[in-house]
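# Observations on the three-dimensional arrangement
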Amino acid sequence: MGIETDVRNLATDMGREVGTAGHDDARGYILDRLHDMGIAPYLPGGFEASYSSNDQEFCNLLGVLPGEGPSLPPVLLGAHYDAVEGTPGADDNAAAVAVLLEVAGILGQERLPRSVIVAFFDAEEPPNFLSPSMGSIRCFEDQLLGPVHAAVIMDLVGHDVPIPGLGDLLFVVGLESNEGLGEVIQSCPVDPDIRIVPTLNRYVGDLSDHHVFRQNEVPYLFLTCATWQHYHQPTDTPDKLNYPKVEAISRYLAGLTVEICSNLLAGEFEGY
């Protein structure tokens, strides 16, 4: 399997709106990939962390890569797998799901100082966005077995930034959440196929699943290429994406995760 294959299998004409057959197929596809890769479930009952809200059923998918220090709080890597109604959702957010699967495979070969949770969140899109039914909120409040060291969230990581000469940019948002994250960014090698723009969440706001971590003062980063002309449109199809860029982002995230695992992040939340 590869990133483009994952995107094309997830971003079909069926869509992935919560409650649809396409949404169920996407969940099954991710579960099959996790099983095939030998990823361990995070919860004792398996990968599926089901919940209900307003008489509707939802399901987060949670795996874990065990680290050498099981008593240390884990790092969480997250991306939502649902899509807005009427769209294939290639960039939003099949690309990030594919990156998360790729990074899980890369980190599975590493000796990590602490464990890493790979979280595929449900119900990020409207009408669940920033509501009690949002998957990342339910995960944080009801499904995590303990505190997390830091969270790295991805959304809209599949496309070129639509500005001439700046297509290879990746925005890394949330540097203000912990002083140690600045050290992490400086020490993490950057793939030559992308350029990193570290910035502050207060400039852009809580645009995705990092919201609940910021609210609860957990160090976080949000990786995104920002919005573009196909955002929340039926034209958000797999052929529009820049796969070499997505692959570079996956390599960058793998290295970033290793650096975060090794940094104590001992500073105060937003304390500098």
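Below you will find a few notes about this structure.

Quick notes on the rules
All residue numbers here refer to positions counted from 1 along the written sequence of the relevant chain. Totals for whole chains, interfaces and linings use every residue, but because this is a predicted model, local features are given only for residues with pLDDT of at least 70 and side-chain atom pairs only at 80 or more, for both listing and counting. Values reported for side chains reflect all heavy atoms of the structure, with hydrogen atoms and water molecules removed beforehand. Here the term buried applies to any residue with accessible area under 20% of the maximum for its type, exposed to any over 50%, and partly exposed to those in between, with areas from a 1.4 Å probe on protein chains only. Helix and strand definitions here come from DSSP, where helices need a minimum of 4 consecutive H or I residues and strands a minimum of 2 consecutive E residues; each element is numbered from the N-terminal end. A pair of strands is considered paired only if DSSP assigns at least 2 bridges between the two. Here a cavity denotes a set of grid points, spaced 1 Å apart and computed over the protein atoms alone, in which a 1.4 Å probe fits but from which it cannot get out, and a pocket denotes an open set meeting protein on both sides within 12 Å along at least five of seven lines; residues with an atom within 4 Å of a point are reported as lining. Grid points are joined across faces, edges and corners, and a volume is the space filled by probe spheres set on the points. When residue character is reported, Ala, Val, Leu, Ile, Met, Phe, Trp, Tyr, Cys and Pro are called nonpolar, Asp, Glu, Lys and Arg charged, and the others, Gly included, polar. Classification remark: right-handed applies to a crossover when, strands pointing away from the viewer, the course from the first strand over the helix to the second runs clockwise. We count a salt bridge whenever a side-chain nitrogen from Lys or Arg sits within 4 Å of a carboxyl oxygen from Asp or Glu.

### Details of the pairing of strand β2 (residues 48-53)
Along β2, the buried face is formed by A49, Y51 and S53; none of E48, S50 and S52, which line the opposite face, is buried. When β2 meets strand β3 (residues 56-65), the two strands line up antiparallel, connected through six bridges. Residue pairing for β3: Y51 is matched across the bridge by F58. A loop of two residues connects β2 with β3, the two strands running antiparallel in sequence, and N54 in this loop sits at a positive phi of about 50°.

### What about the layout of surface pockets?
The space that makes up the largest pocket amounts to roughly 320 Å³. Contributions of two or more residues to the lining of the largest pocket are made by β7 (169-173) and β9 (220-224). Tallied by class, residues from the lining of the largest pocket come to 11 nonpolar, five polar and four charged. Of the voids in this model, the second largest pocket is the one considered here, and its volume is about 170 Å³. In terms of residue class, the lining of the second largest pocket is built from eight nonpolar, three polar and no charged.

### Observations regarding the pairing of strand β4 (residues 75-80)
Counting buried positions along β4 yields six of six residues, so the element is predominantly enclosed. The alternating pattern of β4 places V75, L77 and A79 and L76, G78 and H80 on opposite faces, both of which are buried. Pairing of β4 with strand β5 (residues 116-121) involves six bridges; the strand directions are parallel. Pairing of G78 across the sheet is with A119, part of β5. Taking the sense of rotation as the criterion, the β-α-β connection linking β4, helix α3 (residues 90-107) and β5 turns out right-handed. Direction of pairing for β4 relative to strand β6 (residues 150-154): parallel, over a ladder of four bridges. Its bridge partner being in β6, V75 is matched across the sheet by A150.

### A short note on the pattern of salt bridges
Considering all chains together, one arrives at 12 salt bridges under this definition. Residues R251 and D193 are paired through a salt bridge, measuring 3.8 Å at the closest nitrogen-oxygen approach. On the criterion of sequence distance, the pair formed by R251 in helix α7 (residues 243-262) and D193 in the loop between α5 (179-187) and β8 (195-199) is long-range, its members being 58 residues apart. D193 gets classed as partly exposed once you look at its relative accessible area, which sits at 42%.

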